[in-house]
Amino acid sequence: MKLVGKLDSPYVRRVAISLTLMEVPFEHVSLSVFQDEAAFVAINPVLKAPSLMTEDGTVLMESTLILDHIEHGLPPARRLMPEDAPDRTQVLHTLGFALVAADKAVQLVYERTRRPPDRQYQPWAERIVDQVHAAFSMLDARYARCAGDWLLGTVSQADISTAVAWTFARNEIPDIMTGDAYPALLRLAARAEALPAFLKWQPK
């Protein structure tokens, strides 16, 4: 299998880390949807990162769908989504906020770097900032209530995606994401980023 996309994308990174933790072998093809457009179009004409090329040549996209496909073929012990219904609901609840946080942070980066300054609409940017803070506030409150290091005691997809979203936001919009406001997320990210799978797949 080949995972296509740059690690500066939180979605590409969450897939790379997850596959590593689930012990699923893959090759990382570091292509940018902007700088490597022609090469990326040859793999996926809609220019969507991450894209996963399966062993039979099928191209999958959207990080959550890719991870669902991979987990479907693994024994429960290697999966990052719990089978127990109450635990799964808790992970999905937390994961939803993590993906929103990542999505809004990416939107803000694109608004700042891809849209010409004279075309930027400040009320829209302020709305995105509010959404980023709302998502991270919910996540910080959730992890502040954790009895252990992780949401369910062992690493789950909620922990991975929350830490990846937080690291992305801290790296890309540091003027907005100050650590003092989210101490529980700082602690979570420090634990996660020390794991070998996180260290292996660092954003450039």
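The structure under discussion appears in the preceding block.
Anyway, here's the lowdown on the structure attached to this text. Note that this is a predicted model, so its numbers are computed, not measured.

On a plain count of helices and strands, the protein chain comes out with eight helices and four strands. Mapped in sequence order, the helices and strands of the protein chain form the string β-α-β-α-β-β-α-α-α-α-α-α. Whereas a compact globule of 204 residues would reach a radius of gyration of roughly 17 Å, the protein chain reaches 17 Å, a difference of no more than 12%. Overall, the C-alpha framework of the protein chain stretches about 50 × 45 × 30 Å when taken along its three principal axes. Counting the 204 residues in the protein chain, one finds 45% classified as buried. Long-range pairs, those at least 24 residues apart, make up 66% of the contacts in the protein chain with a sequence separation of at least 6. Summed over all atoms, the accessible surface of the protein chain reaches about 10400 Å², with 55% contributed by carbon and sulfur. The distance from the centre of the 21 positive side-chain charges to the centre of the 25 negative ones in the protein chain is 2 Å.

Two elements in contact, helix H5 (residues 122-144) and helix H6 (residues 157-172), have axes separated by 12 Å at closest approach and are oriented at 130°. Viewed along their axes, H5 and H6 adopt a mutual orientation that is oblique. When you trace H5 past H6, the crossing you get is left-handed. Facing Phe136, Leu139 and Tyr143 of H5, the residues of H6 in contact are Ala158, Asp159, Thr162, Ala165, Trp166 and Ala169. Taken together, the residues that form the contact of H5 with H6 break down as seven nonpolar, one polar and one charged.

Spatial strand order, S2-S1-S3-S4: four strands in an open sheet with mixed pairing. The open sheet is flanked by strand S2 (27-29) and strand S4 (59-61), the only strands paired with a single partner. Across the sheet, the axes of successive neighbouring strands diverge by a mean angle of 25°, strand direction being ignored. Along the sheet, helix H3 (residues 63-72) contacts strand S3 (51-53) and S4; its crossing angle with S4, the most-contacted strand, is approximately 125°.

Criteria and cut-off values
Residues numbered from 1 in each chain as written. Predicted model: local features only at pLDDT ≥ 70, side-chain atom pairs only at ≥ 80, totals over all residues. Heavy atoms only, no water. Helix = DSSP H or I, 4+ residues; strand = E, 2+ residues; numbered from the N terminus. Rg over C-alpha atoms; globule rule 2.2 N^0.38 Å. Buried < 20%, exposed > 50% of the residue type's maximum accessible area, 1.4 Å probe, protein only. Contact = heavy atoms within 4.5 Å. Areas by Shrake-Rupley, 256 points an atom, 1.4 Å probe, with all protein chains shown as cover. Lys, Arg positive; Asp, Glu negative; His and termini not counted. Charge placed at Lys NZ, Arg CZ, Asp CG, Glu CD. Axes fitted to C-alpha atoms, helices over the stretch in contact; angles between N-to-C directions. Parallel < 35°, antiparallel > 145°, perpendicular 65-115°, else oblique. Left-handed = near helix turned anticlockwise from the far one by under 90°. Nonpolar A, V, L, I, M, F, W, Y, C, P; charged D, E, K, R; others polar. Pairing = 2+ DSSP bridges.

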